[in-house]
Amino acid sequence: MSELSSAVNSLEGCKAVRRLFIFLAALSALGGGGALWWLDQSLPMSAETLDLAVEPGTLPRDVAQGVAAAGVDVNPLLLYAWFRLSGEARQIKAGSYELERGVTPRSLLRKLVRGDETLRAVTLVEGWTFAQVRSALLKAEQLASTTRGLEPDLIMKSLGRPGLHPEGRFFPDTYTYAKGSSDLAVLKRALRAMDKRLDAAWAQRAPDTPLTTPDEALILASIIEKETGRASDRPMIAAVFSNRLRIGMMLQTDPTVIYGLGDKFDGNLRRRDLQTDTPWNTYTRVGLPPTPIAMPGKSALLAAVQPAPSKALYFVARGDGSSEFSADLAAHNRAVNKYQRRQQ
């Protein structure tokens, strides 16, 4: 008896859809008055905005059911009949949608066919460390945290880059995503973006660059990013570090020391910190540190491979965001006295 009842109900359901479909088609054939009126009427909703998730492979009939289940007061059979009648039922796209009060059957279908998903955005800022990136992703609205608690090496393994240090490997930009997307998906896009930007910059490197690999360019770019107070100074800062690398002179840049100190840095860089050896201390070690220290942007990447034509070996902050550059120690000491010690 239960199988017979199920068959009868199924048959009745098919008949109901057929009747609604015929009803809408008839109205349209007669000039569309009634059908057009309904298609452009706002659908009652249980809230100002409702979330609708359409999974890949969802049938149009189930999409209509999902709309009703989300809180839209509409007969799902009637809505499905409209999907069918429109001829666009098979063009409905999977995605995460936000339905706002005032949506009509016509505008609803248009949204679903266009794949007009509700998108959120997260911004990764130039000069951020990987720890700061992870913090931003954790706070991002409606972004699923699939990397929470994972060690950096496991994250990189999940991204298909086992053994690669994560620092500086993600391009700083604003990334949009559908509600419910994973933080790993955003990281993957940022990783690919940095690959692309780094390759493009490396292809434009100056013939006399002391850098030997794209990775070295990325490391230097990260230092330039952290050292630059004024954007226009980037090529000159790049020149100072390139010139030092070329003659084997220590880079002696504070941001690398701070990065090497990690959580031990309290905001005040002391002399003893400069003397504490770490792989990133460029006061105790010659050459570039082993990894980037932050995310460089496009301008820093280009500056690293195309430094300004200069013999400068030193620079000091002027106090207004810009830097004073010097080619010898005597000139540098005078600049330090003028801008740091306020001696004329």
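Preceding this paragraph is the structure being described.
Calculation criteria
- Residues numbered from 1 in each chain as written.
- Predicted model: local features only at pLDDT ≥ 70, side-chain atom pairs only at ≥ 80, totals over all residues.
- Heavy atoms only, no water.
- Helix = DSSP H or I, 4+ residues; strand = E, 2+ residues; numbered from the N terminus.
- Buried < 20%, exposed > 50% of the residue type's maximum accessible area, 1.4 Å probe, protein only.
- Contact = heavy atoms within 4.5 Å.
- Areas by Shrake-Rupley, 256 points an atom, 1.4 Å probe, with all protein chains shown as cover.
- Salt bridge = Lys/Arg side-chain N within 4 Å of Asp/Glu carboxyl O.
- 1 Å grid on protein atoms, 1.4 Å probe; cavity = no way out; pocket = protein on both sides within 12 Å on 5 of 7 lines; lining within 4 Å.
- Points joined across faces, edges and corners; volume = space filled by probe spheres on them.
- Nonpolar A, V, L, I, M, F, W, Y, C, P; charged D, E, K, R; others polar.
- Arc of directions from axis to C-beta.
- Polar contact = N/O pair within 3.5 Å; in protein donor to acceptor, adjacent residues only side chain to side chain.
- Phe/Tyr/Trp six-rings, centres within 6.5 Å; stacked < 30°, edge-to-face > 60°.
- Expected span 1.5 Å × (residues − 1).
- Axes fitted to C-alpha atoms, helices over the stretch in contact; angles between N-to-C directions.
- Parallel < 35°, antiparallel > 145°, perpendicular 65-115°, else oblique.
- Left-handed = near helix turned anticlockwise from the far one by under 90°.
- Pairing = 2+ DSSP bridges.

Scanning the chain from N- to C-terminus turns up 14 helices and 6 strands. Burial statistics for the chain: of 344 residues in total, 42% are counted as buried. In the chain, the share of contacts with a sequence separation of at least 24, taken over all contacts with a separation of at least 6, comes to 64%. Taken as a whole, the chain presents about 18,200 Å² of accessible surface, with 51% of it coming from carbon and sulfur.

Another aspect to go through is the pattern of salt bridges. Throughout the structure, instances matching the rule amount to 15 salt bridges. Residue arginine 161 is joined to aspartate 195 by a salt bridge in which the shortest nitrogen-to-oxygen separation is 2.4 Å. With arginine 161 in the loop between α7 (152-158) and β4 (174-178) and aspartate 195 in helix α8 (residues 183-202), this pair connects stretches of sequence that are 34 residues apart. Linking arginine 169 and aspartate 215 is a salt bridge whose minimum nitrogen-to-oxygen distance equals 3.1 Å.

Looking now at the side chain of asparagine 243. Structurally, asparagine 243 is set in helix α10 (residues 234-247). For asparagine 243, a relative accessible area of 13% translates into the label buried. For asparagine 243, the contacting residues outside a window of four places in its chain are Ser310, Lys311, Ala312 and Leu313.

Here the largest pocket is characterised by a volume of approximately 730 Å³. Lining the largest pocket are 28 residues, and of these Asp254, Tyr283, Phe315, Val316 and His332 sit closest to its centre. For the lining of the largest pocket, the elements supplying multiple residues, two or more each, are α10, α11 (254-261), β5 (314-317) and α14 (329-339). Class assignment for the residues of the lining of the largest pocket results in 13 nonpolar, 10 polar and 5 charged.

Further remarks concern α14. Turning to α14, its buried residues number three or more, namely Ala331, His332, Ala335, Val336 and Tyr339. The buried residues of α14 all sit within an arc of 145 degrees when viewed along its axis, so they share a single face. The opening residue of α14 is aspartate 328, an N-cap whose side-chain oxygen sits 3.2 Å from the backbone nitrogen of alanine 330.

Attention now goes to the packing of aromatic side chains. One pass over the structure, following the stated rule, counts 4 aromatic pairs. Between phenylalanine 241 and phenylalanine 315 the ring centres are 5.8 Å apart and the planes differ by 85 degrees, which places this aromatic pair in the edge-to-face class. A residue pair is termed long-range when its members are at least 10 positions apart, and phenylalanine 241 in helix α10 and phenylalanine 315 in strand β5 qualify at 74 residues. Phenylalanine 315 matches phenylalanine 241 in its accessibility class, with the two residues each being buried.

The next point concerns the side chain of threonine 147. Tracing the chain through its elements places threonine 147 in the loop between α6 (130-139) and α7. Residue classification places threonine 147 among the buried positions, given a relative accessible area of 6%. Within the structure, threonine 147 has its side chain in polar contact with the side chain of aspartate 183 (distance 2.7 Å).

Quick look at helix α9 (residues 214-227) now. Look at α9: 20 Å from first C-alpha to last across 14 residues, which is about the 20 Å you get at 1.5 Å a residue. For α9, the complete set of buried residues consists of Ala217, Leu218, Ile219, Leu220, Ala221, Ser222, Ile223, Ile224, Glu225 and Glu227. Those residues of α9 hidden inside the fold are in contact with α8, α10, α11, α13 (298-305) and β5.

The contact between helix α3 (residues 60-70) and helix α4 (residues 76-86) brings their axes to 8 Å, and the two run at 135 degrees. On the basis of the axis angle, α3 is oblique to α4. α3 and α4 meet at a crossing whose hand is right-handed. Contacts from Pro60, Arg61, Val63, Ala64, Gln65, Val67 and Ala68 of α3 reach α4 at Pro76, Leu79, Tyr80 and Phe83. Its residues placed into classes, the contact of α3 with α4 shows 9 nonpolar, 1 polar and 1 charged.

At a minimum axis separation of 10 Å, α9 and α10 run at an interaxial angle of 125 degrees. The pairing of α9 with α10 is recorded here as oblique in orientation. Viewed along their axes, α9 and α10 form a crossing whose handedness is right-handed. The residues of α10 that touch α9, namely those facing Leu220, Ile223, Ile224, Glu225 and Glu227, are Arg234, Ile237, Ala238, Phe241 and Ser242. Each residue belonging to the contact of α9 with α10 can be placed in one class, and the counts come to 6 nonpolar, 1 polar and 3 charged.

With that out of the way, let us pick up the pairing of strand β2 (residues 95-100). A regular strand places its side chains on the two faces of the sheet in alternate fashion. The element β2 is largely enclosed, with a buried count of 5 among its 6 residues. Two elements, strand β1 (residues 49-54) and β2, share 6 bridges in a ladder whose sense is antiparallel. Counted as the bridge partner of valine 54 is glycine 95 from β2.

This part covers unusual backbone geometry. The backbone of glutamine 142 sits at a positive phi, close to 60 degrees, despite the residue not being glycine. Even without being a glycine, glutamine 252 presents a positive backbone phi close to 45 degrees. By secondary structure assignment, the location of glutamine 252 is in the loop between α10 and α11. We classify glutamine 252 as partly exposed; its relative accessible area is 35%.

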